[in-house]
Every structure is written in C-alpha cells, then in structure tokens.
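Residues per chain, in single letters:
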Amino acid sequence: DGEAVSFPIDPFAQAMLVEGRDELGYLLARLDAIAAFESAHALAYALKLAKRGLAADRGNAHAHSLLGWCYFWAGERALSRSAFEQALTLNPYNHVRLEEAATAWMYMNDISGARSLMERAAELNPIPDDNSAEDWGRLHFIEGEYEGARQWLMGITRRSVWAELY
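Residues numbered from 1 in each chain as written. Predicted model: local features only at pLDDT ≥ 70, side-chain atom pairs only at ≥ 80, totals over all residues. Heavy atoms only, no water.

Peer 1: An account of the overall build of the chain is requested, with residue identities and associated values reported.
Peer 2: When you go through the chain residue by residue, the secondary structure sums to 10 helices and zero strands. Tracing the chain from N to C terminus, the helices and strands come up as α-α-α-α-α-α-α-α-α-α. The globule rule puts the C-alpha radius of gyration for 166 residues at 15 Å, and the 24 Å found for the chain is more than 25% above it. Overall, the C-alpha framework of the chain stretches about 90 × 40 × 25 Å when taken along its three principal axes. Here the chain, with 166 residues, has 33% of them falling under the buried criterion. (Helix = DSSP H or I, 4+ residues; strand = E, 2+ residues; numbered from the N terminus. Rg over C-alpha atoms; globule rule 2.2 N^0.38 Å. Buried < 20%, exposed > 50% of the residue type's maximum accessible area, 1.4 Å probe, protein only.)

Peer 1: So what about unusual backbone geometry? Which residues, and what values?
Peer 2: One non-glycine residue, N109, lies in positive phi territory at about 65 degrees. By the secondary structure assignment, N109 is in the loop between α6 (95-107) and α7 (111-124). With relative accessibility at 63%, the residue N109 sits in the exposed group.

Peer 1: I'd like a description of the packing of helix α3 (residues 31-56) against helix α4 (residues 61-73), backed by residues and values.
Peer 2: Two numbers describe a pair of packed helices, the interaxial angle and the distance between the axes. Taken N-terminus to C-terminus, the directions of α3 and α4 make an angle of 155 degrees; their axes are 9 Å apart at the nearest point. Our classification of the angle between α3 and α4 gives roughly antiparallel. For the pair α3 and α4, the sense of crossing is left-handed. Facing α3, whose interface residues are L43, A46, L47, A50, K51, G53 and L54, α4 presents A63, H64, L66, L67, C70, Y71 and W73. (Axes fitted to C-alpha atoms, helices over the stretch in contact; angles between N-to-C directions. Parallel < 35°, antiparallel > 145°, perpendicular 65-115°, else oblique. Left-handed = near helix turned anticlockwise from the far one by under 90°. Contact = heavy atoms within 4.5 Å.)

Peer 1: For helix α1 (residues 11-19), give the residues involved together with the corresponding values.
Peer 2: Working note: α-helix, 3.6 residues per turn, so residues spaced by three or four point in the same direction. Its side-chain oxygen 3.0 Å from the backbone nitrogen of F12, D10 forms the N-cap of α1. Count one or two residues on from α1 and you reach G20, which has phi positive near 70 degrees. (Polar contact = N/O pair within 3.5 Å; in protein donor to acceptor, adjacent residues only side chain to side chain.)

Peer 1: Break down the packing of aromatic side chains for me, citing the residues and quoting the values.
Peer 2: Tallied over the entire structure, the rule returns 11 aromatic pairs. Between W69 and F72 the ring centres are 5.7 Å apart and the planes differ by 80 degrees, which places this aromatic pair in the edge-to-face class. With a gap of three residues between them, W69 and F72 both fall in helix α4, about one helical turn apart. The same class applies to W69 and to F72, which are both buried. Seen in terms of ring centroids, W136 and W152 are 5.7 Å apart; in terms of plane orientation they differ by 20 degrees. Their pairing is stacked. Within this pair, whereas W136 is found in helix α8 (residues 130-142), its partner W152 is found in helix α9 (residues 146-154), the two being separated by 16 residues in sequence. W152 gets classed as partly exposed once you look at its relative accessible area, which sits at 28%. Among the aromatic residues, ring-to-ring pairing joins W69, F72, W73, F84, W105 and Y107 into one connected group. Sitting over the face of the ring of F72, R77 holds its NZ or CZ atom 3.9 Å from the ring centroid. (Phe/Tyr/Trp six-rings, centres within 6.5 Å; stacked < 30°, edge-to-face > 60°. Lys NZ or Arg CZ within 6 Å of the ring centre and 35° of its normal.)

Peer 1: Residue-level account of the pattern of salt bridges, with values.
Peer 2: This structure, assessed with the given rule, holds 11 salt bridges. Of the charged contacts in the structure, one is a salt bridge between R115 and E119, with a shortest N-O distance of 3.6 Å. Here R115 pairs with E119, and both are found in helix α7, just four residues apart, close to one helical turn. The exposure class assigned to E119 is partly exposed, which follows from its relative accessible area of 39%. Between R138 and D135 there is a salt bridge, with its nearest N and O atoms 2.8 Å apart. Of the two residues, R138 and D135 are both situated in helix α8; the distance of three residues between them amounts to about one turn of the helix. Since its relative accessible area comes to 7%, R138 is described here as buried. (Salt bridge = Lys/Arg side-chain N within 4 Å of Asp/Glu carboxyl O.)

This is the structure in structure tokens:
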C-alpha cells in the first residue's frame, strides 16, 4: 500500500546501515585508532595507579621506580629521573632497584651513570641472574662492545622477548 513506517534507530546502528557494515567490520576498520586510544589511556591509567601506590607508601623504593617508568614512557624524562633517584636514595642496597635505574639511564643516554649503577649492583649481587645478564648485555651493546654483549646475552637461561632482539 506504499505507507511509510518509521521506527527509532540509534545513531550507531544508522551509521552501520548507511556504511553497509556490522559492528565487527566497523571495529576492524578502526584498529589503528583504537590501538592509539588504548595506548594513550593505558599510559595515563598506569601513571595514575603509580601515583596512588606512591601516595599509599612514600617510603617504598619500588613505588618510586614504577613511577619513574611511567614518567619515562610518558616522555617526562626529568620527572622519571627524579623518581628513580628517589628510589635509589630510599634503598641504595637493592641490586634490583639499581639495575632498574641503570636501565632507565641507558634509555636516557647516561651510559656512564648506567655503568656505575650496574657495577654497584654487581657488588651487592655478585652472582648475576638473567635480568642482570640482560642488563649487562644491553649496556655492552650500547657501548659498542658487541662480543661482551654476546657473552652476557648468550648466558641467559630464560630469555625475555627483549633478549632475543639483541
């Protein structure tokens, strides 16, 4: 009889009808934008959680290290360095904290500072574990000491994904 019938439709469903897609097709077409959004928000959320953790116990060296990494990945290098320095002040005798800061120093291009921290960590923990070996391998690689890097990295028994890339 040619009578038009109208019914309510939400804007998203209307867009899907116009584009000739379903919801999955819509999402698949926007994977890059979704990944960028999630990455930006995940970093902000991680920073928020790190700050909350630090607020719960300002004397916890590990909380400062975590905050340092969050600041680092957010591009806040000065705040990152400050957080790591606070972790080292709070606990200068923990080889793990020293190695974490050394790795950050490597990424911040303070190679001599990284070496100094790694040497202090080795004094505290003379039997290196796989994490230490990976950090030493990374340091030697950055310094252009490729044979030293190879020796350290080949000694790792449980490789991280990063060790495989060196």
